[in-house]
Amino acid sequence: MNAPSSFRGLRAEREEEWRRLDALVSLCEKKSPRALSDDDLMALPILYRSALSSLSVARETSLDLELVTYLEHLCARAYFFLYGVRTSPGARLRQFFANDWPAAVRGLGRETLIALALLLVGTIAGYLLVSSQPEYFSAFVPGELANGRDFSASRETLLNSLYSGKEQDGLAVFATYLFTHNAQVAIFCFALGFAFGIPTALLLAYTGAMLGAFLALYGGHGLGLQLGGWLIIHGSTELFAIVLAGAGGLRIGWSVVFPGAASRLAAASVAGRGAATAMVGVVLMLIAAGLLEGFGRQLIVDDAVRYAIGLTMMLLWLVYFYAPRRRRNG
Amino acid sequence: MARTAGLAPRDEAAMRRRLVTPEGVDLGLTLATASQRMTAFMLDAVIMIVVLIAMTLIAVFGLFATGGGGMQIVAITWLLGFFLLRNFYFILMEMGPRAATFGKRVAGLRVVARDGGRLTADAVIARNLMREIEVYLPLSFLGYEAAGDGVDTLTTLLGLGWAGIFLFFPAFNRDRLRIGDLLAGTWVINAPKRSLSFDLMRGTAASGGYQFTEEQLDAYGIYELQTLEQVLRTGDYDSMAAVAITIRDKFGIGEVDSNEAFLNAYYEALRTRLERKLLFGRRRVDKFDR
């Protein structure tokens, strides 16, 4: 039998090129594009297009399953390599701090206000309830967190708890623990947004209620101002971060319930990606809060200084996120 | 040759998705199956647990070595290490050029943006932060139960139900999406590294004396040809014998010297015929395609 020679020829003619492309892509995947010589770098797109055309020809003329599958995989690998825009990690980082992070936070503006409102409503409710009926305190604040700070405690005990640091040795460990714990809670707040945002809203209101309960407890002893200083030095950063995480969760929930013109899936994935960028920022904010809480609060016992630091941090975050900035071209 | 593990060709077709490159060629990606993804995740979990145990051992040795003096450093390193491992193992590996964790690499998988564009950092972060509620939350429920921490049975059952929803979510949608994939606009495809071996159609070795009639060559289509190709490439003696007997019975051909040589000859003859038909625009899918 006399086979038409063109498809047997395809393999004979092009196999060399495919193997070269294969080797180049493998090298890039294993090391980095910098491992390639200039010649190879120039050849890569040409080899890729040639492989694509081989694939088209093979699909139309050849029944060699192995050949077609091989070419499909080779082309896919080369495609993902060539069409993935890679910037250097340094440039990526600069871009994140200069642009992506504040933009992502600004993009969550409406949700941030809602999250803040939820937190405030929780705080006010917690304050009013606990002020009128102290029994509610234990309902809002779990025993291990209260750690003896409840309505049975004396004024002196409460006052001491605001100024006596933990033993100074463990500060760094304490700060690290706080950071990892809070970061996990924040990520959780974000992820739960998927359930239509309801758990996120509850979590925000509950955090507020806990805050309100403490305010009521200390306020009842005339220690409101001192508690404010104790809270604000790290709280301005930490609560801000939690509000942002909540806002991310709410945005996702919102887009699932009200996708607008886009399909539910597409809306959720746009919201999810934007909120994820903000979440990386939230984790960074929580690192700062952990440091402020672990070191700042334990080492600085002057109320005025505590307020000054807390409010300055607040101002810095607000300016960084929301201050108008020049649009970059392109 | 390795097809998608354990899948018949027709199921494989159901897992194929179009991805048209800017050059206008459809790459025809194959989605990863639920079991492949499970395998990959198990491998990653094992790696993470091993690293965690190693970290803990090193921390304990560090404590002994410093006589308790390095307590702070050891504790901080351990806490941060655990945090990074839990949250960033997946994120950092999937941001790399291979877009796959170690487990995914072994299973031959990679993460891809569903729209065919490039996989961005925020998508990788979004899909992996969702693990928090898909994996770690159910795990912590189980942990509470195991510790007998006064969590009642109802809570545990709810927790297990929750875990079940997320665990089996990929099995219940067409694209095998995890909640994280859904949210990030990604999917996981099956993209193992292939190598190209020899062409079965050498045209010299095997046609050894066998002549096939038109009728015999019209008995099968492309599907059967490619199944035969797989049998020949695998080179398993028993399955070659089984296939050869089926074909010989159908054609009424008696004993042959070598089943392999017979099958090779038939493969070449059939492929030549079908490829020629292709040139004339006739693609005969399988033996039922008239």
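Attention in this report is confined to the structure presented alongside it. (Residues numbered from 1 in each chain as written. Chains lettered and ligands numbered in written order. Predicted model: local features only at pLDDT ≥ 70, side-chain atom pairs only at ≥ 80, totals over all residues. Heavy atoms only, no water.)

### Topic: the overall build of chain A
Part 1: Scanning chain A from terminus to terminus reveals 13 helices and 0 strands.
Part 2: Listed N to C, the secondary structure of chain A is α-α-α-α-α-α-α-α-α-α-α-α-α in terms of helices and strands.
Part 3: Compactness check: chain A gives a C-alpha radius of gyration of 29 Å against a globular reference of 20 Å for 330 residues, more than 25% above the reference.
Part 4: Here chain A holds 330 residues, and 49% of them are scored as buried. (Helix = DSSP H or I, 4+ residues; strand = E, 2+ residues; numbered from the N terminus. Rg over C-alpha atoms; globule rule 2.2 N^0.38 Å. Buried < 20%, exposed > 50% of the residue type's maximum accessible area, 1.4 Å probe, protein only.)

### Quick look at the overall build of chain B
Part 1: Of the regular secondary structure elements, chain B holds 12 helices and 4 strands.
Part 2: Looking at the 290 residues of chain B, the share that counts as buried comes to 46%.
Part 3: In chain B, the proportion of contacts linking residues at least 24 apart, taken out of those at least 6 apart, comes to 67%.
Part 4: Split by element, the accessible area of chain B, about 14,700 Å² in all, is 64% carbon and sulfur. (Contact = heavy atoms within 4.5 Å. Areas by Shrake-Rupley, 256 points an atom, 1.4 Å probe, with all protein chains shown as cover.)

### Regarding the packing of helix α11 (residues 237-251) of chain B against helix α12 (residues 259-279) of chain B
All names here are of chain B.
Part 1: Between α11 and α12, whose axes approach to 9 Å, the crossing angle comes to 60 degrees. Viewed along their axes, α11 and α12 adopt a mutual orientation that is oblique. Every pair of crossing elements has a handedness; the one defined by α11 and α12 is left-handed. Across the interface between the two elements, Met240, Ala241, Val243, Ala244, Ile247, Arg248 and Phe251 from α11 touch Asn259, Glu260, Phe262, Leu263 and Tyr266 from α12.
Part 2: Taken together, the residues of the contact of α11 with α12 sort by class into 9 nonpolar, 1 polar and 2 charged. (Axes fitted to C-alpha atoms, helices over the stretch in contact; angles between N-to-C directions. Parallel < 35°, antiparallel > 145°, perpendicular 65-115°, else oblique. Left-handed = near helix turned anticlockwise from the far one by under 90°. Nonpolar A, V, L, I, M, F, W, Y, C, P; charged D, E, K, R; others polar.)

### Thoughts on the packing of aromatic side chains
What characterises a pair of aromatic rings is the spacing of the ring centres plus the angle enclosed by the ring planes.
All names here are of chain A.
Part 1: Evaluated as defined, the whole model comprises 23 aromatic pairs over all chains.
Part 2: Their ring planes at 70 degrees and their centres at 5.5 Å tell us that Trp101 and Phe321 sit as a pair that is edge-to-face. With Trp101 in helix α4 (residues 89-107) and Phe321 in helix α13 (residues 303-322), this pair connects stretches of sequence that are 220 residues apart. For the pair Trp101 and Phe321, one class covers both residues: buried.
Part 3: Among the aromatic residues, ring-to-ring pairing joins Phe96, Phe97, Trp101, Phe240, Trp317, Tyr320, Phe321 and Tyr322 into one connected group. (Phe/Tyr/Trp six-rings, centres within 6.5 Å; stacked < 30°, edge-to-face > 60°.)

### Considerations on the environment of Asp303(A)
Residues and elements named next belong to chain A.
Part 1: Position of Asp303 relative to the elements: it lies in helix α13.
Part 2: Here Asp303 falls in the partly exposed class, since its relative accessible area comes to 22%.
Part 3: Considered as a pair, Asp303 and Ala276 are 27 residues apart in the sequence and their alpha carbons are 36 Å apart.
Part 4: When neighbours within four sequence positions are excluded, Asp303 is seen to be in contact with Tyr163 and Gln226.

### What to know about the interface of chain A and chain B
Part 1: Facing 68 residues of chain A, the contacting portion of chain B comprises 73 residues.
Part 2: With both sides pooled, the region where chain A packs onto chain B buries about 6,300 Å², and carbon together with sulfur makes up 67% of that total.
Part 3: Looking at the side of chain A facing chain B, the largest losses of area belong to Leu63(A), Glu66(A) and Phe80(A), adding up to 12% of the total buried there.
Part 4: Taken together, chain A and chain B are joined by 5 salt bridges.
Part 5: Put simply, Arg16(B) and Glu72(A) hold a salt bridge, and the shortest N to O gap is 2.7 Å. (Buried area = accessible area lost by both parts, 1.4 Å probe. Salt bridge = Lys/Arg side-chain N within 4 Å of Asp/Glu carboxyl O.)

### Examining the pairing of strand β3 (residues 109-113) of chain B
Residue and element names in this part refer to chain B.
Part 1: For β3, a buried count of 5 out of 5 residues is recorded, marking the element as mostly surrounded by other parts of the structure.
Part 2: With burial as the criterion, each face of β3 is covered, one bearing Leu109, Val111 and Ala113 and the other bearing Arg110 and Val112.
Part 3: Pairing between β3 and strand β4 (residues 186-190): 5 bridges, direction antiparallel. By the bridge assignment, Arg110 is partnered in β4 with Ile189. (Pairing = 2+ DSSP bridges.)

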